[in-house]
Amino acid sequence: MSKIAVIGAGPAGCSAGYHLAKSGHQVTLIDKESFPREKICGDGVSLQSVQALSTMGIYPQDIKARVSEFTPINGLVLGVSNGNYHMQTTPLEGYCIPRFFFDNLLYERAINAGCIGRTQRIANIDRYHQELYSDFDFIIDARGVYTGEANAIAIRAYWIVKSEDFPEAYLSLAQIYFDRSLGIHGYGWIFPADIKAGLLKLNVGVGIWLNEYQKMNANIIKIFDQFVHRNQQTQELLTKIVSKHKPKAYPLATALKGNRVSYGKVLKIGDAANLTDPLTGEGIANAILSGLHVTQAINMSTRPDQVAENWQHLYETCFEEDIRAALRIKSFRKYSFMNNMLVWLMKRNQRFSEQVTYAIVGSVPYNEVLPSLKH
Ligand SMILES: Cc1cc2nc3c(=O)[nH]c(=O)nc-3n(C[C@H](O)[C@H](O)[C@H](O)COP(=O)(O)OP(=O)(O)OC[C@H]3O[C@@H](n4cnc5c(N)ncnc54)[C@H](O)[C@@H]3O)c2cc1C
C-alpha cells in the first residue's frame, strides 16, 4: 500500500481521500483551511453529482439527516431574460446545498474513512518540495481552480426573502437565464438554497467565460448588478429582500481538450485538472468522479511508474468524450439569438426539452442532445 498526500479537501480531494483510504492506502488530506469552510459556488448539486456522491456512500437520506441547509431540486427553468422561458421537471431529485455544509459532509466522510487531516498551505508542488517528494509515493493535486487553467469567472450572492413572497411552484426549481449582458455563453441563476422559519435563502449569481468577459467594459460586480436589474425575476426579488450578503466572485477552470493531468508522481484531479463542465460551469460531479478514477489508476497499476500514464488514460476514457461533445455544442452556439432558439425548440419538442434538461443536470451525455431533435 502507498503513502499518498492529497492536497486540497474540496469535493475532488475528499473523494480521492475517501476511496484511497478505503482501499487501504495511508492518506494525508491537506487543506489550507480548517473545516467547515466556505467555497463560493452556485451550490447546485446536480443529478450527476448525486450519483457521484453514492460512490462515497452518501445518499439522499444522508443529506436529509446530516446537512443543516439544503433544498431538493426537481426541475429546471431555462429562459432568456425577459423573454422566452421553459420549465422541465427531472425524474430524480438534485439539491442546492450551501458549500459550507456540503463540503463538510464530504470532509467528514474522508476523515471517517481513515484519512489523516492536516491544515497547511502548499503553495508549490515541485520536485524541490522535499517533504512531499520524500515522504509520499504519490501527490494528488486537488487544490482547485488556482492550479488549473482559469477560463471563466462567476459571482454569487445570498439573498434572504420571505418564502411567502416567492412563487411556491418555484421553490424546488433551479432557474437559469441567458442574458445579452453576460455574453453568448454566460448565464445568471436563481437557486433556492434553504427554507427555514418562513425565510427562503436564495443563491443568485452569474457566470461568464473569460474570452467574452474581456470584451465587456465592466467588472464582474457591475455585470452582476446589470443582470439583476435587467432580469424580471431578480428585479421583482430585489424589492422583497429581507437581508443579503455581499456578492463574491471566484474563477472557474472549465474543461479543455487534450488536457495533461499527470506529471511524475503528481496526479491532478477536479478543478486542478480543468474538469468543470464547459457549458454549465458545473464542477462538483467531475471533481468527485475524478477522485474515484484516480484511485482506480493507482490501484490498477502494477508498478509505481505506470500510475501517471494510467491516470492520463483513465481521464481520457472517462471524461474526454463528454468534454469534446460539450465543446462542440459550445462552438455551435455562435450568436445570442441561438439561446432564444434553444428555449423556443424546447417549448415545442418535448423529447428535446427533456434531453437538454437532463444533459444540463448531467443525467444524459451531451452527444445525445442533438440527435433528439430528429424525434
Ligand atoms: C460562483 C461559482 C458557482 C459555481 N456553481 C457551481 C454549481 O452550482 N454546481 C457545481 O457543480 N459546480 C459549481 N461551480 C464549480 C465548482 O465550485 C467547482 O468545480 C468545484 O468546487 C471543484 O472542486 P475541487 O475539489 O476540484 O476544488 P475546490 O472545491 O476549489 O477545492 C479546492 C480545495 O483546495 C484547497 N486549497 C487551495 N489551494 C491550496 C493550497 N495552496 N494548499 C492547500 N490547500 C489548498 C482549498 O481550500 C479547497 O478546499 C461553481 C464555481 C463558481 C466559482
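Scroll up to find the structure this text is about.
Residues numbered from 1 in each chain as written. Predicted model: local features only at pLDDT ≥ 70, side-chain atom pairs only at ≥ 80, totals over all residues. Heavy atoms only, no water.

A. Up close: the pairing of strand E4 (residues 71–80). Burial analysis of E4 places 8 of its 10 residues in the buried class, the great majority of the element. Taken together, the 8 bridges between E4 and strand E5 (residues 85–96) define a ladder with antiparallel strand orientation. From the neighbouring strand, Leu76 faces E5, where its bridge partner is Gln88. With antiparallel pairing between neighbouring strands as the criterion, E4 and E5 make up a hairpin whose turn holds 4 residues, including Asn82 at a positive phi of roughly 60°. (Buried < 20%, exposed > 50% of the residue type's maximum accessible area, 1.4 Å probe, protein only. Helix = DSSP H or I, 4+ residues; strand = E, 2+ residues; numbered from the N terminus. Pairing = 2+ DSSP bridges.)

B. The packing of helix H9 (residues 284–300) against helix H10 (residues 307–332), seen in detail. Taken N-terminus to C-terminus, the directions of H9 and H10 make an angle of 140°; their axes are 9 Å apart at the nearest point. In terms of orientation, H9 and H10 fall into the oblique class. Note on packing geometry: the crossing formed by H9 with H10 is right-handed. Where H9 approaches H10, its residues Asn286, Leu289, Ser290, His293, Val294, Gln296, Ala297, Ile298 and Met300 are matched on the opposing element by Val307, Asn310, Trp311, Leu314, Cys318 and Phe319. (Axes fitted to C-alpha atoms, helices over the stretch in contact; angles between N-to-C directions. Parallel < 35°, antiparallel > 145°, perpendicular 65-115°, else oblique. Left-handed = near helix turned anticlockwise from the far one by under 90°. Contact = heavy atoms within 4.5 Å.)

C. Representation of the packing of aromatic side chains in the model. Taken as a whole and assessed by the stated rule, the structure comprises 10 aromatic pairs. Between the aromatic rings of Tyr335 and Phe337, the centroid separation amounts to 5.8 Å while the plane-to-plane angle is 10°, which identifies the pairing as stacked. Under the relative-accessibility criterion, Phe337 is labelled partly exposed at 48%. Feature note: the residues Tyr187, Trp189, Phe191 and Trp209 constitute an aromatic cluster, connected by ring pairs. If you follow Lys201 out to its NZ or CZ, it ends over the ring of Tyr158, 4.3 Å from the centre. (Phe/Tyr/Trp six-rings, centres within 6.5 Å; stacked < 30°, edge-to-face > 60°. Lys NZ or Arg CZ within 6 Å of the ring centre and 35° of its normal.)

Read these as layout, nothing more, since geometry by itself doesn't imply function.
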